[in-house]
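# Results of the structural survey
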Amino acid sequence: MEDNYIRTMLRNENLCQEYLKKAEQEFVANGNKHSKAECVLLQQAAMRCSEMANMSTGEERLHYQRRLQDLNRRIEGIVRILNPDAFKKPEGKKETAGKKGTQGSASSPSAPQTNVAVADRDVSGWFKEAPKHSFSDVSGMEKLKEQLKECISDSRINKLRTYLKMKNLRSYFFIGPPGCGKTYVIEAFAHELMEKDYKYLALVGSDILSKYVGEAEKIVTRLFEEAEENAPCIVFIDEIDGVCKNRSLPNLPEYAASITTAFLTGYNRINSSDKPIIFIGATNYPNQVDNAMLDRVELIRVPLPDSEARSFSFEHKFKDILKTAPGISFEQMAALTEGYNYRDIDRLTRKVKDLVAKRVMAEYKNEDRAIAALKDGSFAITRELFEQALNECLPTPKDDILRDLDEWEERFRKGMDE
């Protein structure tokens, strides 16, 4: 646990320094004048400081809190220079009373008000074509697929659900370690629904968060407006922890809390409209998401790929390209890769292909003869070759994040029961 803490702190510190360096470079490149790009980089540095302050204690926490305060002052100063109206209260409106971070609040008193509009060309990029893969391409996850298929069946009876006064909005919250296939199965879900004339809107939280102060709130607001106007639709936000930060976290930058408030306000909008909308959020870090959002969704835990899924993945990646020699099969490859995620499998299969390319060329000397040997199986993947690739391509560590997810899920479900 201590090693994980040190690694995370070092990673955040390095990222913070990298963002600060890029911000200085941006300032110089812009003729020693402030710019939106510089502000975005400082925001990213502030988020890293916020995370380090939340993780640490004592004098170390005070150190990161002071750094965070300095960065927030720099950001606010740049915003005031670039957009003098950003912190002005709208005329004719009274300041809303209340504390920052109050759950369910519709606005944040400290949130800058901007006149930045979201360009239609940007909005058009949110609407995605139907993903090419469907549930038939997803191996394993049988229980999860059945759960989502029930939602698809419900989408065919929206009129009946309305008559029975059942909520049309369905909200899911996918959690799981990196590389477990969350996005892949969500895209397959979207494919199935788009065959029922649903539209598909998808954004990544980190892209929204990286916007200039005030713009992220506009994007979030416009997103939910588009969802309401284009129902029936699916709204998928990957890395949702970036745009719906837990406001109870200490040292949370003001602009991050403002984005969370805008996000919850937008979500409440589609909830009140009660149109056929399926909202999906996904994250590796559910403890970073605001509790007000968690109260509104159905939790779905996506596990690491099981043996069937790993076997299917190897077959899919080697099918029609490489054959296997006696002593190694796709099922045996799966047995040798317990605890691997899909990214680990991707790296491993690339390593296998690298080894195959070197060996087949060394043996046949000519590309055409080498390809012919691979096609007819004269040269095939052996167990020895696969095990060499295993030794040279180790899986990423997962114990810490799996333990954190288990502990968070236990607290979450216990809180729901209570």
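Above this text is the structure in question.
Residues numbered from 1 in each chain as written. Predicted model: local features only at pLDDT ≥ 70, side-chain atom pairs only at ≥ 80, totals over all residues. Heavy atoms only, no water.

### A word on the packing of aromatic side chains
According to the stated counting rule, one finds nine aromatic pairs in the structure shown. Measuring from centroid to centroid gives 6.4 Å for F135 and F189, while their planes differ by 15 degrees, and the two rings are stacked. One end of the pair, F135, is in the loop between helix 4 (120–124) and helix 5 (142–154); the other, F189, is in helix 7 (residues 182–194), with 54 residues separating them in the sequence. Considered together, F135 and F189 belong to a single accessibility category, that of buried residues. (Phe/Tyr/Trp six-rings, centres within 6.5 Å; stacked < 30°, edge-to-face > 60°. Helix = DSSP H or I, 4+ residues; strand = E, 2+ residues; numbered from the N terminus. Buried < 20%, exposed > 50% of the residue type's maximum accessible area, 1.4 Å probe, protein only.)

### Section: the packing of helix 2 (residues 36–55) against helix 3 (residues 58–82)
When two helices pack together, you describe them by how their axes are tilted relative to each other and by the distance separating the axes. Packing of helix 2 against helix 3 leaves a shortest axis separation of 9 Å and a crossing angle of 160 degrees. Judged by the inter-axis angle, helix 2 sits roughly antiparallel to helix 3. Of the two elements, helix 2 crosses helix 3, and the hand of that crossing is left-handed. Together, K36, E38, C39, L42, Q43, A45, A46, C49, S50, M52, A53 and N54 of helix 2 and R61, Y64, Q65, R67, L68, L71, N72, R74, I75, I78, V79 and L82 of helix 3 make up the contact between the two elements. In terms of residue class, the contact of helix 2 with helix 3 is made up of 14 nonpolar, five polar and five charged. (Axes fitted to C-alpha atoms, helices over the stretch in contact; angles between N-to-C directions. Parallel < 35°, antiparallel > 145°, perpendicular 65-115°, else oblique. Left-handed = near helix turned anticlockwise from the far one by under 90°. Contact = heavy atoms within 4.5 Å. Nonpolar A, V, L, I, M, F, W, Y, C, P; charged D, E, K, R; others polar.)

### Overview of the sheet that holds strand 5 (residues 298–301)
Spatial ordering of the open sheet is given by 2-3-4-1-5, a layout of five strands whose pairing is parallel. Looking at the sheet topology across the chains shown, the edges are occupied by strand 2 (199–204) and strand 5. Averaged over all adjacent pairs, the angle separating strand axes in this sheet is 20 degrees, with direction ignored. Pairing analysis gives six bridges linking strand 3 (residues 233–238) to strand 4 (residues 277–283), with the strands arranged parallel. Residue pairing across strands places I237 opposite G281, the latter belonging to strand 4. (Pairing = 2+ DSSP bridges.)

### As for the side chain of R222
Along the chain, the position of R222 falls in helix 9 (residues 215–229). Using a relative accessible area of 17% as the deciding quantity, one classes R222 as buried. Among all residues touching R222, those that are not within four sequence positions of it are V118, D120, V123 and W126.

### Let's talk about the pattern of salt bridges
As enumerated under the stated definition, the model contains 26 salt bridges in all. One salt bridge connects E24 with R74, and the closest N-O pair in it is separated by 3.4 Å. Of this pair, E24 sits in helix 1 (residues 2–29) while R74 is found in helix 3, placing the two residues 50 residues apart along the sequence. With relative accessibility at 42%, the residue E24 sits in the partly exposed group. (Salt bridge = Lys/Arg side-chain N within 4 Å of Asp/Glu carboxyl O.)

Note that every value here comes from positions in space, so none of it alone points to a role or purpose.
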